[in-house]
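Architecture at a glance
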Amino acid sequence: MADFFDQICEVLAENGKKYPGNLTANSDIREFFSAVKTPQPEPAPVKNDPPPVMPRNVNTPKPLNQPQHFNDLKSLCDSLADCQNCPLCRNRNHIVFGEGNPNARLMFIGEAPGYEEDMQGRPFIGAAGQLLDKMIKAMRFTREEVYIANIVKCRPQNNRTPAPDEITQCIPFLHQQIHIIRPEVIVCLGATAAKALLNTPNGISRLRGKWCNFENIPVMPTFHPAFLLRQESAKRDAWHDLQLVMSYFFSREKK
């Protein structure tokens with residue numbers, strides 16, 4: 001295991017010190033991997049080449065028409081204050097709009113709020129959110145520097161997967177969030193987020209680790225933190241995906 005972490009640090013050192021955010025400490029990487037118990041094969045070396053502008057492995061999504069256009073996140077959020085577009089409104093405690101830097105270079109998109117998120121109105125604050133914080137830190141960002149949102153803004157009962165009609169009703173608000181923020185990279189967390197945003201039937205195992213595209217914004221699908229908590233060995237694949245995102249930012253810094 002020590003050799004694995006030393007190799008990661010060597011790769012990061014070769015890439016230079018121009019990544020956004022703070023320099024990734026060896027302890028930050030170890031913190032992300034701390035729950036891994038079973039040794040797994042090392043991931044393939046990460047290349048610094050930027051992703052293709054228009055990948056062919058997914059369909060190019062066509063954002064839905066918006067009933068009203070907003071130019072800032074606050075106005076968009078206020079428009080959702082009493083949203084009753086789908087049945088999810090009946091049992092919610094809070095709408096979980098999203099949070100973070102409105103000018104974020106990096107945006108994370110998950111599936112839906114869970115119990116803790118519904119109670120507090122904030123995304124990714126439960127156990128999966130704590131792991132996401134470690135992922136963000138290992139990427140040399142802080143939570144305050146990125147933006148975090150979900151495909152749907154209200155919690156499905158029993159944390160079930162959002163139904164297609166619920167996604168259809170809610171995803172236009174996410175499209176507007178992306179349009180307002182215009183991040184340089186989007187990371188889709190899990191199958192539901194990737195399928196909905198990229199308009200593809202492919203599962204996360206086929207999508208992860210490959211650059212995709214949404215409105216000319218590079219998209220990297222990877223595993224949801226909740227899945228990583230259940231399947232700890234998948235953290236190595238997720239870290240490989242995150243390294244590709246870091247390499248993309250580094251390639252832009254060099255230009």
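These numbers were taken from a predicted model, which means no experiment stands behind them. (Residues numbered from 1 in each chain as written. Predicted model: local features only at pLDDT ≥ 70, side-chain atom pairs only at ≥ 80, totals over all residues. Heavy atoms only, no water.)

Following the criterion strictly, the structure yields 9 salt bridges and no others. For Lys-74, the salt bridge is made with Asp-78, and the minimal N-O distance between the two is 2.9 Å. Note that Lys-74 and Asp-78 are positioned in helix α3 (residues 73-79) at a spacing of 4 residues, about one turn of the helix. Take Lys-74: its relative accessible area is 58%, and that puts it in the exposed class. Owing to a relative accessible area of 43%, Asp-78 belongs among the partly exposed residues under this scheme. The salt bridge involving Glu-99 is made with Arg-143; its shortest N-O contact spans 3.1 Å. Of this pair, Glu-99 sits in strand β1 (residues 99-100) while Arg-143 sits in the loop between α5 (127-138) and β3 (147-150), and the two are 44 residues apart along the sequence. Residue class for Arg-143 comes out buried when judged on its relative accessible area of 14%. When salt bridges with common partners are traced through the structure, they connect Glu-99, Arg-122, Asp-133 and Arg-143 into a single cluster. (Salt bridge = Lys/Arg side-chain N within 4 Å of Asp/Glu carboxyl O. Helix = DSSP H or I, 4+ residues; strand = E, 2+ residues; numbered from the N terminus. Buried < 20%, exposed > 50% of the residue type's maximum accessible area, 1.4 Å probe, protein only.)

All right, on to the packing of helix α6 (residues 164-181) against helix α7 (residues 191-198) then. How two helices pack is summed up by the angle between their axes together with the distance between the axes. The geometry of α6 relative to α7 is characterised by a closest axis approach of 11 Å and an angle of 80° between their N-to-C directions. Judged on the interaxial angle alone, α7 and α6 are roughly perpendicular. Facing Ile-167, Ile-171, Leu-174, His-175 and Ile-178 of α6, the residues of α7 in contact are Thr-192, Ala-196 and Leu-197. Of the residues in the contact of α6 with α7, the class split is 6 nonpolar, 2 polar and no charged. (Axes fitted to C-alpha atoms, helices over the stretch in contact; angles between N-to-C directions. Parallel < 35°, antiparallel > 145°, perpendicular 65-115°, else oblique. Contact = heavy atoms within 4.5 Å. Nonpolar A, V, L, I, M, F, W, Y, C, P; charged D, E, K, R; others polar.)

On to unusual backbone geometry. Of note, Phe-124 is a non-glycine position whose phi angle comes to about 50°, a positive value. The backbone phi angle of Asn-158 is positive, close to 60°, even though this residue is not glycine. Relative to the elements of secondary structure, Asn-158 occurs in the loop between β3 and α6. The class of Asn-158 is exposed, set by a relative accessible area of 73%.

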